[in-house]
Amino acid sequence: ILGILLAVALPAYLGSIRDAKLKTANANSRMLASAYQAIYVRGGASAYDQIDESAVLRELGGAWPPNPCHGEPASDGYEIVRNPAGMTIRAKVANG
């Protein structure tokens, strides 16, 4: 009986943990995007690809938001693609 319960409950639990980490990483990606956009709108740069990383850190209060799906330091946990007209931020997800 215990084996059957574990066979059903463990995958559900692990799936819930994975989903929570992914939702947190996505929310943190949106926070990063908001920081970049705030700098751009205030006139801190004439294009998104000219925004300085130190300005983003100041906007975020001095620290990058963590990415719970990735084992790298916080700034390496996100893929940030910038061009003059806009940007894309994605949370990196570790394999496994």
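Engineer: Could you clarify how one ought to interpret the packing of aromatic side chains in this entry?
Structural biologist: The full count for this structure, using the stated rule, is 1 aromatic pair. Between Tyr-40 and Tyr-48, the ring centres sit 4.3 Å apart and the planes meet at 15°, which makes this aromatic pair stacked.

Engineer: Can you help me understand the nonpolar core in this one?
Structural biologist: Looking at soluble globular proteins, one finds that nonpolar side chains tend to be buried together. Core analysis: the biggest nonpolar cluster contains 16 residues, and Leu-32, Tyr-36, Ile-51, Val-56 and Leu-60 have the highest contact counts within it. Mapped onto this core, the elements with two or more residues apiece are helix H1 (2-41), helix H2 (53-59) and strand E2 (86-91). Examining the composition of this core, we find that 5 residues originate from one element, H1, more than from any other. Excluding its chain neighbours within four sequence positions, the residues that come into contact with Val-56 are Ala-35, Tyr-36, Ile-39 and Ile-51.

Engineer: Just checking my understanding: could you explain the pairing of strand E1 (residues 78-83) for this structure?
Structural biologist: Along a regular strand, successive side chains alternate from one face of the sheet to the other. Bridge count for E1 against E2 is 6 bridges, and the pairing is antiparallel. Counted as the bridge partner of Arg-82 is Met-87 from E2. Between E1 and the antiparallel strand that follows it, E2, lie 2 residues.

Engineer: I would appreciate a short explanation of the environment of Lys-21 in the present structure.
Structural biologist: Take Lys-21: it is sitting in helix H1. Taking the C-alpha atoms as reference, Lys-21 lies 23 Å from Tyr-36; in sequence the two are 15 residues apart. Non-local contacts of Lys-21, meaning those with residues more than four positions away in its chain, are made with Pro-68 and Cys-69.

Engineer: Looking at this model, I keep getting lost on the environment of Leu-32. Mind explaining?
Structural biologist: The residue Leu-32 is located in helix H1 in this model. For the pair Leu-32 and Leu-10, spaced 22 residues apart in the sequence, the C-alpha separation amounts to 33 Å.

The rules behind the values
Residues numbered from 1 in each chain as written. Predicted model: local features only at pLDDT ≥ 70, side-chain atom pairs only at ≥ 80, totals over all residues. Heavy atoms only, no water. Phe/Tyr/Trp six-rings, centres within 6.5 Å; stacked < 30°, edge-to-face > 60°. Core = buried A, V, L, I, M, F, W, Y, C linked by side-chain atoms within 4.5 Å. Buried < 20%, exposed > 50% of the residue type's maximum accessible area, 1.4 Å probe, protein only. Helix = DSSP H or I, 4+ residues; strand = E, 2+ residues; numbered from the N terminus. Contact = heavy atoms within 4.5 Å. Pairing = 2+ DSSP bridges.

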